[in-house]
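Spelled out, the chains give:
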Amino acid sequence: MSKLDLLIENFCPQGVSFKPLGEVVRFLNGRAYKQAELLDEGKYKVLRVGNFYTNDKWYYSDLELDEDKYCENGDLLYTWAATLGPQIWSGETVIFHYHIWKLVFDETVLNKRFLYYFLAKDIDDISKSLTKSTMPHVSMASMNKRLVPIPPMEVQSEIVRILDNFTELTAELTARQKQYNYYRNKLLTFNGVDIPIVQLRTVVKKSCSGSTPTKGNSDYYENGTIPWIRTQDVRFNEITEVDSYITEKAVAETAVKWIPENCVIVAISGATAGRCAINKIKATTNQHCLNLEIDESKALYRYIYYCIYNKYDELISRKQGARGDLNSSLVLSLEIPVPALDVQKRLVYVLDNFDAICSDLKIGLPAEIEARQKQYKFYRDALLTYAATGKIILTDRQTSLMA
């Protein structure tokens, strides 16, 4: 029996009480600013939804801090429009904008992190009640009616301890992944070393883009056996299989071109632009893929792949047009360091090991992080969803992981 089982048995053997959020929480709305009132400089930062999640540009206000219109380090906030979700604010005192609530409640009744985890768990369900307005949002009235379980504080604290452990482990794994990425990129910088810097085009033997055969012509797709790579297949990976195939007739009658194995493929369209991959199969591609056959006398294809991967942010900055596209000239003009082939070989050996740790979907950090996130969600849902008796039914192994 886990510590949590004992606490439930001692403090709430007959189950826990539920109350409407409106009875135990006050939702305080932020200040509604017009764009003209937001300043590039001023007394106080204005926290908007963009800063809440993605660190958009900060704006300022010269207005005084109204009561209940500012938040401080440790306050529990909730964005209720555009993007839903809770956050325990970590930072300086800021004025929070309309579309953000500050939650005020008796912390002797509700543990702050317990309430945070409960609100995070309920996002999918809350999303079902969004208004049908121009900017979908959840109303304060509907939030006030939602029921929240209120177990004894001892039980809340133990649930928080368990979920915090899962959260900290996932954060540690994510930080480790960033660290691996940092060292991978560091290897390709060559600070203080006399290495030739050349345009990518100088090591490319041949470049081409593909084509999309007419979608309405079934002769181009039905019973196709020729792999056809699209930008969704290009994900900083090795492409060993695809979901889409075309026919020999499509290759004969359209602008589709065969490319050999071990080309470096760069996505050049819209949201996918800048991503790269290596095809480990002979294939064709659509027109949104730029396919680079590397001159093996000058560079190793895997080394060039890592160089382009390392230039992702620069490629993103070069995107043009309403959709944010790249073209062959923008890609081929990238400047990259090209050391001797034996140096490239040693770097590729090290980088391949980094890549296995950072990117392999089966054995690397992403797989471990994904497993931990699934584990966290399972326990969060199990711990925060009470049966009528207040019992939580878990296997012995699941119970042991909560210890």
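Above this text is the structure in question.
Cut-offs used in this document
Residues numbered from 1 in each chain as written. Predicted model: local features only at pLDDT ≥ 70, side-chain atom pairs only at ≥ 80, totals over all residues. Heavy atoms only, no water. Helix = DSSP H or I, 4+ residues; strand = E, 2+ residues; numbered from the N terminus. Buried < 20%, exposed > 50% of the residue type's maximum accessible area, 1.4 Å probe, protein only. Contact = heavy atoms within 4.5 Å. Areas by Shrake-Rupley, 256 points an atom, 1.4 Å probe, with all protein chains shown as cover. Pairing = 2+ DSSP bridges. Phe/Tyr/Trp six-rings, centres within 6.5 Å; stacked < 30°, edge-to-face > 60°. Lys NZ or Arg CZ within 6 Å of the ring centre and 35° of its normal. Core = buried A, V, L, I, M, F, W, Y, C linked by side-chain atoms within 4.5 Å. Salt bridge = Lys/Arg side-chain N within 4 Å of Asp/Glu carboxyl O. Polar contact = N/O pair within 3.5 Å; in protein donor to acceptor, adjacent residues only side chain to side chain.

Colleague: Please explain the overall build of the protein as it appears in this structure.
Modeller: Along its length, the protein carries 14 helices and 20 strands. Counting over 403 residues, the protein shows a buried share of 45%. A sequence separation of at least 24 residues applies to 72% of the contacts in the protein between residues at least 6 apart. Surface accessibility of the protein: about 20,900 Å² in total, with carbon and sulfur atoms responsible for 50%.

Colleague: Is there a simple way to think about the sheet that holds strand 3 (residues 44-47) in this case?
Modeller: In a beta sheet, neighbouring strands are held together by backbone hydrogen bonds and run either parallel or antiparallel to one another. The four strands are arranged 4-3-8-5 in an open sheet whose pairing can be described as mixed. Looking at which strands have only one partner, the edges of the open sheet turn out to be strand 4 (59-61) and strand 5 (70-71). In the sheet, strand 5 pairs with strand 8 (residues 94-96) via two bridges, with the strands oriented antiparallel. The residue bridging Cys71 from the neighbouring strand is Val94, located in strand 8.

Colleague: Sorry if this is basic, but what is going on with the packing of aromatic side chains here?
Modeller: Geometrically, a pair of aromatic rings is defined through the distance of the ring centres and the angle of the planes. Evaluated as defined, the whole model comprises eleven aromatic pairs. With a centroid separation of 4.3 Å and an interplanar angle of 15°, the aromatic rings of Phe236 and Tyr309 are classed as stacked. With Phe236 in the loop between strand 13 (226-229) and strand 14 (237-239) and Tyr309 in helix 9 (residues 301-310), this pair connects stretches of sequence that are 73 residues apart. By relative accessible area, Phe236 is classed as buried at 17%. A residue is classified by how much of its surface remains accessible, and Tyr309, at 16% relative accessible area, is buried. Taken together, the ring pairs connect Phe27, Tyr78, Trp80, Tyr98 and Trp101 into an aromatic cluster. One residue, Lys45, lies across the ring of Trp58, its end atom 4.8 Å from the ring centre. Across from the ring centre of Trp258, 4.8 Å away, lies the NZ or CZ of Lys282, which sits over that ring.

Colleague: I'm lost on the sheet that holds strand 15 (residues 245-246) in this one. Help?
Modeller: Here we have three strands laid out as an open sheet, ordered 15-13-18, and mixed in their pairing. Where the open sheet ends on each side, the last strands, each with one partner, are strand 15 and strand 18 (284-285).

Colleague: Before we go on, may I ask you to explain the nonpolar core in this structure?
Modeller: Membership of the largest hydrophobic core comes to 36 residues, with the highest contact counts inside it found for Leu200, Leu292, Tyr303, Ile304, Tyr305, Ile308 and Val331. Elements that contribute at least two residues to this core include exactly strand 16 (264-267), strand 17 (276-279), strand 19 (289-294), helix 9, helix 11 (328-332) and helix 12 (341-359). Take this core: its biggest share by element is seven residues, from helix 9. Listed in part, the 27 residues of the second largest apolar core include Trp101, Phe105, Phe118 and Ile126.

Colleague: I would appreciate a short explanation of helix 9 in the present structure.
Modeller: Given 3.6 residues per helical turn, the α-helix brings residues three or four places apart onto the same face. Burial analysis of helix 9 places eight of its ten residues in the buried class, the great majority of the element. Here helix 9 has its buried residues at Arg302, Tyr303, Ile304, Tyr305, Tyr306, Cys307, Ile308 and Tyr309.

Colleague: What am I meant to see in the pattern of salt bridges here?
Modeller: When their charged atoms lie close together, side chains carrying opposite charge are able to pair. By the definition in use, this model includes ten salt bridges. The partner of Asp219 in a salt bridge is Lys249, and the shortest N-O contact between them spans 3.3 Å. In this pair, Asp219 is assigned in the loop between strand 12 (204-209) and strand 13 and Lys249 in helix 8 (residues 248-253), connecting sequence segments 30 residues apart. Look at Asp219 and you get partly exposed, because its relative accessible area is 41%. Taking the shortest distance from any N to any O, the salt bridge between Lys311 and Glu314 comes out at 3.5 Å. Accessibility expressed as a relative area gives 21% for Lys311, which makes it partly exposed. Given a relative accessible area of 29%, Glu314 falls into the partly exposed group. A cluster of three or more residues bridged by salt bridges with shared partners is formed by Glu238, Arg302 and Asp352.

Colleague: Whenever I open this one, the side chain of Ser244 confuses me. Can you help?
Modeller: One can find Ser244 in the loop between strand 14 and strand 15. For Ser244, the side chain forms a polar contact with the side chain of Arg230, separated by 3.0 Å. Among residues more than four places away in sequence, those in contact with Ser244 are Ile226, Pro227, Trp228 and Arg230.

Colleague: Any chance you could explain the pairing of strand 6 (residues 76-81) here in plain terms?
Modeller: Strand 6 sits mainly inside the fold: six of its six residues count as buried. Direction of pairing for strand 6 relative to strand 9 (residues 100-105): antiparallel, over a ladder of four bridges. Considered in strand 9, the bridge of Leu77 is made with Lys102.

Colleague: Honestly, unusual backbone geometry in this entry has me stumped. Any pointers?
Modeller: Keep in mind that most residues, glycine aside, have a negative phi and that most peptide bonds are trans. A positive phi angle is found at His99, which is not glycine, with a value near 90°. Structurally, the position occupied by His99 is in the loop between strand 8 and strand 9.

Colleague: Can you walk me through the environment of Gly270 in this structure?
Modeller: Turning to its location among the elements, Gly270 is positioned in the loop between strand 16 and strand 17. On a C-alpha basis, the gap between Gly270 and Gln320 in space is 9.2 Å, while along the polypeptide they are 50 residues apart.

Colleague: Would you mind going over helix 4 (residues 112-121) with me for this structure?
Modeller: Where burial is concerned, most of helix 4 is hidden: seven out of the ten residues are buried. Turning to helix 4, its buried residues number three or more, namely Phe114, Leu115, Tyr117, Phe118, Leu119, Ala120 and Lys121.

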